[in-house]
Amino acid sequence: MAAASDEFQARIDREERIEPQDWMPEGYRRTLVRQISQHAHSEVIGMQPEGGWISRAPSLERKVILLAKVQDEGGHGLYLYGAAETLGVSRDELIDAMHTGKAKYSSIFNYPALTWADVGAIGWLVDSAAIVNQVPLQRCSYGPYARAMMRICKEESFHQRQGYDIMLALARGSAAQREMAQDALNRWWWPTLMMFGPSDADSIHSSQSFAWKIKRYGNDELRQKFIDQAVPQAEVLGLKIPDDDLQWDAATGHYRIGAIDWDEFQQVVSGNGPCSRQRLAHHRQVQEDGAWVREAVAVHAAKHRAGSDGPKAAARNSDTAQEGRADAAV
Ligand code: FAQ
């Protein structure tokens, strides 16, 4: 086993992609299941804060755009659950782990979207942070995860732009609209910084994930990259980052920020965020409501697998099964 494990590490060091059929250490498999499934859960739970605004979008155009964005997030969940399933776990097991609190999802989605400006702030800040975090994951050593990330990153760029566009419209609007945009920035800034996870010193998984080339950069480095991008964007909007200690550090070429409230982060990741219970309760309810669809699709597919009416039916069944899965994910 030592030889297999050395050879595995040598493949990683040569930047070879690991594929589902390849031998891998159990720890590598477990780390990927944990990270990919948490990522999938985040995408799907992340549909809720914005989803509540689809019926209240201020114009038909904004409604159509938001609908497409939220639908994309469901799709991202599907690619990621698919990637996790290649590691030998079922979708049901993964969802059960989230419902019982064994698996996490991103802290950011436990905050409420109170106004339309929050939809802008989520797109601008949360999607920007997701892009900064996810671009390096396209080079993750595990093939199915890396490939899922490539497709997801392309769509996230559109998401980020729609959010910034909402913020721009509000920032150029009436005094009340500018105030709404500032208020959203005030509430989403710090939670967005927490999305990158604990500081490197407290990140329990980072060093092993670097060695396996699952992670390429530390949590702090990515957080800093996000801050350096977001501060000038806020200036263009004419909005103030809610941090009195924020300052440009010419010596390092980076913005320095005040202290992050890690107690708040711990509270949120341990299930005590402002909307934690509501988010999980909603997901449980939808999962329960969709049970009959999943059962019907499975029975239908099994019936036709039995071979009653040939390849055309098989093709139809595979489409129906996809639809059933999309429904289950939301
Ligand atoms: N929230 O040792 P580390 C999106 C946990 S998708 C909750 O540093 P790691 C798109 C961590 O799991 C957003 N828990 O862990 C969208 C671990 O606990 P565990 C999701 C967090 O894995 C936009 C413990 O703390 N993106 O936004 C968080 O090496 C708009 C120790 O941490 C991803 O999931 C957190 N923020 O690094 C959708 C990206 N941070 O598992 C809708 C993939 C840390 O031992 C609308 N994931 N924890 O119980 C990653 O890159 C990594 O997993 C990190 C954490 C960077 C999140």
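Q: Tell me about the layout of surface pockets, and please be specific about residues and values.
A: In this model, the largest pocket occupies a volume close to 1,200 Å³. What lines the largest pocket is a set of 48 residues, among which Gln38, Ser106, Met195, Phe196 and Gly197 lie closest to the centre. When residues of the lining of the largest pocket are traced back to their parent elements, those giving at least two are α2 (26-45), α3 (47-51), α4 (60-85), α6 (116-134), α7 (143-171), α10 (219-237) and α11 (262-272). Grouping the constituent residues of the lining of the largest pocket by class yields 21 nonpolar, 16 polar and 11 charged.

Q: A description of unusual backbone geometry should follow, citing residues and the corresponding values.
A: Of note in the backbone geometry, Glu15 takes a positive phi value of approximately 65° without being a glycine. In this structure, Glu15 sits in the loop between α1 (2-13) and α2. Owing to a relative accessible area of 45%, Glu15 belongs among the partly exposed residues under this scheme. The phi torsion at Lys213 lies on the positive side, around 55°, for a residue other than glycine. Position of Lys213 among the secondary structure elements: in the loop between α9 (206-211) and α10.

Q: Report on the packing of α4 against α7, specifying residues and quantitative values.
A: Across the interface, α4 lies against α7 with an axial gap of 10 Å and an inter-helix angle of 160°. Classified by the interaxial angle, the pair formed by α4 and α7 is roughly antiparallel. Crossing handedness for the pair α4 and α7: left-handed. Residues of the contact of α4 with α7, tallied by class, amount to 12 nonpolar, 3 polar and 8 charged.

Q: Describe in detail the packing of aromatic side chains, supporting the description with residues and values.
A: All told, the structure shown has 11 aromatic pairs when counted by the stated rule. By the ring-pair criterion, three or more aromatic residues cluster together here, those being Phe8, Trp23, Tyr28, Tyr142 and Trp212. Seen from the ring of Trp53, Arg56 lies directly overhead, with NZ or CZ sitting 3.9 Å from the centre.

Q: Can you tell me about the packing of α2 against α7, naming the residues and giving the values?
A: It is at 13 Å that the axes of α2 and α7 come closest, and there the two elements cross at 25°. Judged by the angle between their axes, α2 and α7 are roughly parallel. α7 is crossed by α2, and the crossing has left-handed handedness. Residues Leu32, Gln35, Ile36, His39 and Glu43 of α2 touch α7, and the partners they reach there are Tyr145, Met149, Ile152 and Glu156. For the contact of α2 with α7, the class distribution of residues is 5 nonpolar, 2 polar and 2 charged.

Q: If you had to explain the pattern of salt bridges to someone new, which residues and values would you point to?
A: With the rule as written, the count across this model stands at 19 salt bridges. With a shortest N-O distance of 2.9 Å, Glu15 and Arg216 are connected by a salt bridge. Note that Glu15 is positioned in the loop between α1 and α2 and Arg216 in the loop between α9 and α10, a separation of 201 residues in sequence. Where Arg187 meets Asp183, a salt bridge forms, and the shortest distance between an N and an O atom there is 3.0 Å. Residue Arg187 and its partner Asp183 are located together in helix α8 (residues 175-194), separated by 4 residues, close to a single helical turn. Three or more residues joined by partner-sharing salt bridges are found here, namely Glu7, Arg11, Arg14, Glu16 and Asp22.

Q: Before we move on, can you summarise the nonpolar core with the specific residues and values?
A: Formed by 80 residues in total, the largest nonpolar core has its most connected members in Tyr28, Tyr142, Trp189 and Phe226. The greatest single-element share of this core, amounting to 11 residues, is contributed by α7. Excluding residues within four positions of it along the chain, Tyr142 makes contact with Arg17, Ile18, Glu19, Pro20, Met24, Tyr28, Leu32, Ile36, Ala83, Thr86 and Leu87.

Q: Please provide a residue-by-residue account of the site of the ligand, values included.
A: Surveying the vicinity of the ligand reveals 35 residues, the closest of which are Lys104, Ser203, His205, Lys215 and Asn219. Contact distances for the ligand include 3.0 Å between an oxygen atom and a backbone N or O atom of Ile204. Contacts to the ligand include Asn219, whose side-chain N or O atom sits 2.8 Å from an oxygen atom. Summarising the interface, the protein chains cover 91% of the accessible area of the ligand, which totals 1,100 Å² for the free molecule. Among the cavities detected, the one that contains the ligand is the largest pocket. Sorting elements by how many residues they give to the shell around the ligand places α2 first, with 6 residues. Its residues placed into classes, the shell around the ligand shows 13 nonpolar, 13 polar and 9 charged.

Q: Give me the lowdown on the environment of His76, citing residues and values where you can.
A: If you trace the backbone, His76 turns up in helix α4. Taking C-alpha positions, His76 is 21 Å from Ala113, a pair spaced 37 residues apart along the chain. Residues within four places of His76 in sequence aside, it is in contact with Glu43, Ile152, Glu155, Glu156 and His159.

Q: Any details on α10? Residues and values, ideally.
A: The end-to-end C-alpha separation of α10 is 27 Å, in line with the 27 Å expected for 19 residues at 1.5 Å each. Taken together, the buried positions of α10 are Asn219, Leu222, Arg223, Phe226, Ile227, Asp228, Ala230, Val231, Ala234 and Leu237.

Cut-offs and rules
- Residues numbered from 1 in each chain as written.
- Predicted model: local features only at pLDDT ≥ 70, side-chain atom pairs only at ≥ 80, totals over all residues.
- Heavy atoms only, no water.
- 1 Å grid on protein atoms, 1.4 Å probe; cavity = no way out; pocket = protein on both sides within 12 Å on 5 of 7 lines; lining within 4 Å.
- Points joined across faces, edges and corners; volume = space filled by probe spheres on them.
- Helix = DSSP H or I, 4+ residues; strand = E, 2+ residues; numbered from the N terminus.
- Nonpolar A, V, L, I, M, F, W, Y, C, P; charged D, E, K, R; others polar.
- Buried < 20%, exposed > 50% of the residue type's maximum accessible area, 1.4 Å probe, protein only.
- Axes fitted to C-alpha atoms, helices over the stretch in contact; angles between N-to-C directions.
- Parallel < 35°, antiparallel > 145°, perpendicular 65-115°, else oblique.
- Left-handed = near helix turned anticlockwise from the far one by under 90°.
- Phe/Tyr/Trp six-rings, centres within 6.5 Å; stacked < 30°, edge-to-face > 60°.
- Lys NZ or Arg CZ within 6 Å of the ring centre and 35° of its normal.
- Contact = heavy atoms within 4.5 Å.
- Salt bridge = Lys/Arg side-chain N within 4 Å of Asp/Glu carboxyl O.
- Core = buried A, V, L, I, M, F, W, Y, C linked by side-chain atoms within 4.5 Å.
- Near = heavy atom within 4 Å.
- Polar contact = N/O pair within 3.5 Å; in protein donor to acceptor, adjacent residues only side chain to side chain.
- Areas by Shrake-Rupley, 256 points an atom, 1.4 Å probe, with all protein chains shown as cover.
- Sits in = over half its atoms within 2 Å of the grid points.
- Expected span 1.5 Å × (residues − 1).

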